[in-house]
Structure formats: C-alpha cells, structure tokens
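Listed here are the chains, written in short residue letters.
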Amino acid sequence: MKRILGAVFLALLACVVERDLIWGRPESSLRGFFPADAAREADFEKVFRALPTPERAQQDLMILTQAPHVAGTAEDYKTAQYVLSQFREAGLDSSVVEYQVLLPMPKEVKVDLIEPFKREGPTPEGGWTWDKDTYDSSVVPAYNAYSPSGDVTARVVYANYGLREDYQRLKQWGIDVAGKIVIVRYGQCFRGVKAYVAEENHAAGLLIYSDPAEDGYRQGDVYPRGPWRPATGVQRGSILYSMLYAGDPLTPGYAATKAAKRLALKDAKALPHIPTTPLSYEDAAPILENLGGPVAPSDWQGALPFTYHLGPGASKIHMKLEMDFQTRTIWNVIAQIPGSVLPEALVIVGNHRDAWTYGAVDPNSGTAPLLAVARGLGQLLKQGWNPRRTIILASWDAEEFGLIGSTEWVEDHADQLARHAVAYLNMDVGVAGPHFGASAVPSLARLIHDAAQEVNDPRTGRPLDAVWSEESQRVRRESGIPIVVPIQTSSPPSTMEARVSELGSGSDYTPFLQHLGVPPWTWGSAAPTAFTTQCTTTFTGCRTSATRLSSTAWRGRRCSAPWPCAWRTPTFCRMDTTITARPSRNTFSNLKTN
Ligand SMILES: [Zn+2]
C-alpha cells in the first residue's frame with residue numbers, strides 16, 4: 001500500500017515536473033491572457049506542438065534541396081509548387097503570387113592574371129568523389145549578382161575590406177585607385193557597400209575574395225577535415241545597392257507586376273556600375289603576392305603566407321564579365337487564415353525559399369519549419385480553433401538577389417500592411433547549428449523569452465530560454481562583454497536573460513521594418529564556427545560549403561546528429577503559436593514609424 005501511494009505520489013510529481021518543464025509557469029500567467037482563456041490556449045498549443053516531427057522536417061528538406069534552385073529558374077518554380085501543395089494539403093487557402101523582376105545570371109566570368117605571369121582564373125571549385133553534388137554542373141558559377149558586364153585590364157590595388165576609411169587611408173599613403181582593379185576581402189560590411197565605395201573611388205573593377213584569416217584555415221581546419229572554407233571555395237552573393245532601396249531595381253517603391261512601368265537600366269540607382277566578381281583565396285593569392293608598393297599595415301594583413309603590399313605593382317589583371325540581365329518571373333507562395341475577432345489585423349510569418357545553390361541551411365532549414373507551422377495551424381482549424389487575427393504564411397522568392405520577393409509583396413500591399421500589420425515573424429536560416437539566437441524590435445523581446453521558456457532544448461531537455469541564457473552568458477564572459485544586460489521589458493534589472501539582438505538588415509524583415517515600420521523578429525540557431533555563419537548561413541556563398549551541408553549533413557548521411565533535424569521545428573512552431581494565437585498587448589505597443 002505504501003508502495004502504491006509512493007508510486008502515485010511520484011506520478012503526480014512527475015506530472016507537475018513535466019508540466020513545469022513544458023510551461024515554465026502556471027497557465028494563468030500566460031502573458032496577454034485572462035486566466036479563464038489561458039487553459040484553452042494551452043490545450044490548443046499542446047495539439048499544435050505535438051504535430052511536427054524531425055522525420056517530416058527532414059523529408060521536406062530533402063525535397064526542397066533536391067537541386068540548386070536559384071530564383072527565377074525552373075527548379076525554383078518546382079519548390080514553389082511543393083510549398084503550395086503542402087499549404088493546400090494543410091487545408092489553407094493558398095496561392096502563388098508572381099512578380100516580374102530583374103535577375104541577372106552569369107554567362108562568362110574570367111579573371112586572368114596576365115602579369116607578371118599568365119594564370120587563367122577563376123579556378124573551378126573543388127569537388128570530392130564521395131559528394132556528387134560538388135560536381136553538379138547546374139550549380140551557378142560564382143558571381144556577384146547585379147555586377148555589370150565589363151572587360152577591364154588594369155593593375156591592382158589592395159584596399160583591405162573596402163570600407164570608406166580604407167580608401168581614405170590609401171589616399172593618405174598616396175595611392176590612387178582610379179582606373180585600377182581593386183581587390184578587397186570579404187567581411188566587415190555588406191558586399192554591396194564594397195562595390196558602392198569602389199565605384200565612388202573610381203575603381204575600374206572590383207575583386208572580392210575570402211581571406212583565410214576570416215573564412216579559412218586561420219580559423220580552423222578547412223573542409224572536408226573541418227568546417228572552414230577550403231582554398232577554392234567562393235562566396236556568391238548580390239551587390240545590389242539595396243542600402244539605397246531593396247527589391248526589384250527597376251520598380252523602386254512599387255510592385256513589379258506585369259503591367260508596372262519599369263525604369264531603364266541606366267536610370268536604376270540601385271544598380272552597380274563597375275564589374276565586380278568574387279574570388280577564392282587560391283585565386284587571390286598570386287594577385288596579392290605580386291603587388292608592389294608599401295607594405296600594408298598590420299591590421300590589413302590577412303592569413304595568406306606572404307606579406308601583403310598595397311600595390312600597384314607587378315600584378316596585372318584581365319577581368320571579363322558577361323552578364324545576362326533579364327526580367328524573370330519569381331514566385332511567392334502565400335497562405336491566409338482569416339482572423340475571427342480582428343480579421344483586418346495581420347500577423348505575417350515568412351521565410352525565403354530561393355538559394356544560390358542547394359539551400360539546405362540558407363534558407364530551407366527555415367522552410368521546413370514554415371511547412372510545419374502550416375500543418376499545425378491546419379490541424380487546429382480542423383479542431384475548431386480560429387485565430388483572433390488574420391495569419392499570413394509567406395514563402396518568399398529571390399531574397400538572395402536583394403530581398404526581392406518580400407519587398408515586391410510589401411510594396412503591393414503597403415497601405416494595408418502599414419495600417420494593419422501587427423508583426424512580421426521571419427526565419428531565414430533555421431538551423432546551422434545548435435545555438436539559438438534572435439533579433440527583434442525591443443517590444444517583441446519579452447514574447448520571444450516567454451516562448452523560449454515553454455520549449456525544451458532538445459540537447460539537454462531543459463527549457464530553451466535557460467540554455468540560451470547560459471550560452472550567451474558564457475559567450476559574453478569569454479569575449480569580455482559585461483554579462484548582465486537588462487533587456488527592455490518588465491524583467492527585473494538583475495536579469496541574466498540572453499539578449500535579443502537589434503535588427504540590422506539582410507533578410508526579408510527589412511521591407512516590413514525599414515519601409516513600413518511593422519515590428520518584426522527574426523531567429524534561428526547557429527553553429528560555433530564561421531563556416532556556417534559566414535559561408536553557409538549568412539552568405540550561402542561557397543558551393544563546397546553549401547553542397548556539403550546539403551548532401552552530407554542535411555540530406556541524409558549525418559542527419560543522425562541530434563540537433564539539425566530534431567530541434568528547430570518544434571521550437572519554431574511553438575513560438576509561432578505564441579504570437580499568432582495570443583492577443584498579446586506587446587504587439588499593440590509598437591510605434592509605427594510612418
Ligand atoms: Zn537566406
């Protein structure tokens with residue numbers, strides 16, 4: 001009898017503990033809910049959260065990353081059709097929304113060293129026999145989208161990261177870059193800024209290379225021994241002057257519909273004017289090694305095995321780029337669930353779908369969770385749930401070219417969104433590693449923590465918020481940053497909570513925040529190396545890295561690792577429910593900036 005009582009007690013305790021682990025606090029304290037509604041909400045969230053599985057996320061990712069799917073291609077269209085089919089299967093009212101936008105593709109890219117010796121480039125990216133995708137000829141050659149075509153032969157100057165202050169220093173040292181081909185390394189700023197500043201300084205052409213100091217062997221073992229960029233890996237990416245305006249360069253401020261009036265190419269202010277192309281460090285090395293002029297200062301030295309000079313000097317380059325500038329169709333996929341109480345109010349959840357290569361990390365590790373959200377909401381609808389506000393799920397196209405699909409859609413619905421959008425929840429890279437992080441407007445930070453308290457970290461089984469906080473404290477301690485960072489909310493000043501970062505730009509929340517003042521957040525989980533953050537996650541540039549994660553880590557062989565498949569999907573779903581289903585006061589307290 002005693003034993004039975006003991007067992008019952010333990011079972012009850014287990015329920016309490018389990019409940020506490022899941023919810024983190026009594027239901028009646030759900031932020032934004034009256035106690036009477038909180039239980040009902042909790043029940044729906046339970047149903048929602050039980051649905052996503054790692055296996056399904058993996059299956060979606062396998063399908064989405066079957067082939068490289070650059071925006072505007074037939075393969076990209078296939079992924080749009082897949083997302084549409086999944087939205088519809090979930091029972092959501094969905095459609096494909098097309099725009100016609102300017103998307104340049106490379107026809108020819110040549111970077112030949114012609115003095116002091118002849119060497120043809122660029123070198124093809126390396127392949128590995130056990131990874132067939134590294135030999136896939138349908139992968140787009142490495143290029144910087146929106147570089148003009150051009151044919152330039154000139155001597156070379158090294159300008160560090162290509163920031164304005166770098167050119168000022170060159171000027172102080174008496175080095176003129178006008179008419180030269182400038183070579184700069186990736187890092188410190190958006191690559192479009194490098195092109196803009198090189199143009200400002202009258203360079204004849206621009207080469208942007210990945211230095212092993214930031215993105216190669218100085219950081220650790222390179223692929224395949226380690227995760228860092230190998231010698232021939234190249235970072236692809238757009239140099240559209242999206243700091244002037246994002247979206248289709250020919251329809252600034254209005255949607256690129258079929259009937260829209262388009263600027264002539266020469267009048268589009270967001271288009272760069274000097275030929276620009278990315279290089280691997282294998283191809284940059286002989287150019288840099290043969291520069292003359294003064295020795296570059298210590299903070300300009302990279303990790304290649306020689307002393308860097310500023311130039312010019314012996315190195316002379318023939319650079320020939322031929323780009324195919326065409327207006328092409330892109331495909332956003334939009335699903336809508338009408339709100340039952342405030343139907344005019346909109347909560348938008350978005351992720352882009354297009355990728356430079358396979359997109360296994362950027363962006364389709366965010367697309368799999370988006371599909372899980374669709375299925376979860378569809379299931380709730382079947383059980384009699386209705387969202388309070390209208391929910392829109394969006395699968396954006398052509399983000400890699402310059403946030404184009406999202407910007408055109410936002411421009412298309414600008415009045416409605418400016419008046420009625422409550423929040424925009426973005427996920428670009430869902431999973432590059434196990435370390436959770438989020439950026440948001442301050443008024444949404446509390447809500448992210450609330451949700452993170454209610455989801456368990458799959459590695460430890462403990463509430464995500466606690467694990468996230470501990471990790472961020474450790475990082476701050478190791479980097480010498482003060483640990484206690486009071487977040488802007490109702491938290492006590494002694495809070496040790498992880499910091500929700502500020503939003504910059506570079507993903508699809510930009511048109512919502514910077515154009516309309518709609519409050520967004522964006523989140524994902526990163527790896528401890530810059531290979532994923534710089535190469536695969538943020539820039540998705542190098543074919544090798546993207547390939548590696550698509551075919552090896554993601555599309556099967558290494559998916560037994562617990563974190564990639566297992567953890568993001570439920571987290572994301574849970575958090576979406578939190579904001580979409582709750583009438584949170586937070587979301588109303590955001591100021592619209594225009
Ligand atoms: Zn992305």
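Since we're looking at a predicted model, the values are computed, not measured. (Residues numbered from 1 in each chain as written. Predicted model: local features only at pLDDT ≥ 70, side-chain atom pairs only at ≥ 80, totals over all residues.)

### What to know about the overall build of the protein chain
Right, on to step 1. Regarding its fold elements, the protein chain presents 18 helices and 13 strands.
Right, on to step 2. Put simply, the protein chain has 594 residues, and 52% of those count as buried.
Right, on to step 3. Look at the contacts in the protein chain between residues 6 or more apart in sequence, and 79% of them connect residues 24 or more apart. (Helix = DSSP H or I, 4+ residues; strand = E, 2+ residues; numbered from the N terminus. Buried ≥ 20, exposed ≤ 12 C-beta atoms within 10 Å, placed from the backbone. Contact = placed C-beta atoms within 7 Å.)

### Some remarks on the nonpolar core
Right, on to step 1. Membership of the largest hydrophobic core comes to 139 residues, with the highest contact counts inside it found for V182, I183, A374 and I448.
Right, on to step 2. Per-element accounting of this core gives the leading share, ten residues, to strand β8 (residues 316-337).
Right, on to step 3. Structurally, this core is a two-domain feature, drawing no fewer than three residues from each of domain 1 (34-101 + 327-461 + 501-585) and domain 2 (106-324).
Right, on to step 4. Ignoring anything within four residues of it in the chain, the contact list for A374 reads Q86, F87, A90, L92, A335 and L393. (Core = buried A, V, L, I, M, F, W, Y, C linked by C-beta atoms within 7 Å. Domains from an automatic or database assignment.)

### Some thoughts on the packing of helix α3 (residues 54-64) against helix α9 (residues 364-382)
Right, on to step 1. As a packed pair, α3 and α9 sit with axes 9 Å apart at the nearest point and diverge in direction by 125 degrees. Regarding the angle of α3 to α9, the classification is oblique. By crossing handedness, the relation of α3 to α9 is classed as right-handed. Of the residues in α9, those in contact with R56, A57, D60, L61 and L64 of α3 are N364, S365, T367, A368, P369, L371 and A372. (Axes fitted to C-alpha atoms, helices over the stretch in contact; angles between N-to-C directions. Parallel < 35°, antiparallel > 145°, perpendicular 65-115°, else oblique. Left-handed = near helix turned anticlockwise from the far one by under 90°.)

### Details of unusual backbone geometry
Right, on to step 1. Residue P116 is reached from E115 by a cis peptide bond, and omega for that bond is 5 degrees.
Right, on to step 2. Following the sequence through the fold, P116 ends up in the loop between β1 (93-115) and β2 (144-145).
Right, on to step 3. Backbone torsion omega between G121 and P122 reads -5 degrees, so that peptide bond is classified as cis.
Right, on to step 4. Structurally, the position occupied by P122 is in the loop between β1 and β2.

### Side note on the confidence of the model for the protein chain
Right, on to step 1. Mean pLDDT over the protein chain works out to 82, with 81% of the residues at or above the 70 mark.
Right, on to step 2. Overall, residues 1-28 carries pLDDT values under 50, and its contacts beyond four positions in sequence, including any with other chains, amount to 13 contacts.
Right, on to step 3. Predicted confidence is poor over residues 529-594, with pLDDT under 50, and the contacts of this stretch with residues over four places away or in other chains come to 197 contacts. (pLDDT = per-residue confidence, 0-100.)

### Brief notes about the packing of helix α2 (residues 35-50) against α9
Right, on to step 1. α9 packs onto α2 with a crossing angle of 135 degrees between their chain directions and a minimal axis gap of 9 Å. Considering their axes alone, α2 and α9 lie oblique with respect to each other. Crossing hand, α2 versus α9: right-handed. Contact with α2, carried on its side by F44, V47 and F48, involves G376, Q379 and L380 of α9 and no other residues of that element.
Right, on to step 2. Looking at side-chain class alone, the contact of α2 with α9 contains four nonpolar, two polar and no charged residues. (Nonpolar A, V, L, I, M, F, W, Y, C, P; charged D, E, K, R; others polar.)

### Structural notes on the environment of D248
Right, on to step 1. Topologically, D248 is positioned in the loop between β6 (237-238) and β7 (276-279).
Right, on to step 2. Judged by the 31 C-beta atoms lying within 10 Å of it, D248 falls in the buried class.
Right, on to step 3. Each C-alpha atom, one on D248 and one on L102, is 6.2 Å from the other, the two residues being 146 residues apart in sequence.
Right, on to step 4. Dropping the residues within four chain positions of it, D248 is found in contact with V101, L102, A256, I404 and E408.

### Focus on the pairing of strand β5 (residues 205-209)
Right, on to step 1. Burial analysis of β5 places five of its five residues in the buried class, the great majority of the element.
Right, on to step 2. Bridge analysis of strand β4 (residues 181-185) against β5 gives five bridges, and the strand direction is parallel. Residue pairing in the sheet places V182 in a bridge with L206 of β5.
Right, on to step 3. Relative to β7, β5 is paired through four bridges, and the arrangement is parallel. Bridge pairing links I208 to P278 in β7. (Pairing = 2+ DSSP bridges.)

### As for the pairing of strand β11 (residues 421-426)
Right, on to step 1. Within β11, six of the six residues are buried, leaving the element largely enclosed by the surrounding structure.
Right, on to step 2. Taken together, the five bridges between strand β9 (residues 342-352) and β11 define a ladder with parallel strand orientation. If you follow I348 over to β11, its bridge partner there is Y424.
Right, on to step 3. Here β11 runs beside strand β13 (residues 520-526); their pairing, made up of three bridges, is parallel. Considered in β13, the bridge of N426 is made with T522.

### Here's the deal with α3
Since the α-helix packs 3.6 residues into each turn, any two residues three or four apart lie on the same face.
Right, on to step 1. Among the residues making up α3, those that are buried are A57, D60, L61 and L64. End-on view of α3: buried residues confined to an arc of 100 degrees, all on one side of the axis. (Arc of directions from axis to C-beta.)

### Here's the deal with the environment of A296
Right, on to step 1. Structurally, A296 can be placed in the loop between α8 (281-289) and β8.
Right, on to step 2. On the neighbour-count criterion, A296 (21 C-beta atoms within 10 Å) is buried.
Right, on to step 3. Counting along the chain gives 14 residues from A296 to L310, while the straight-line C-alpha distance between them is 5.4 Å.
Right, on to step 4. Other than its neighbours up to four places away in sequence, A296 contacts Y158, Q301, Y308, H309 and L310.

### Considering the environment of L346
Right, on to step 1. Summarising the element assignment, L346 is placed in strand β9.
Right, on to step 2. Through-space distance from the C-alpha of L346 to that of R388 is 9.8 Å; in sequence the pair is 42 residues apart.
Right, on to step 3. Not counting chain neighbours up to four residues away, the residues in contact with L346 comprise R389, T390, I392, L417, H420, A421 and V422.

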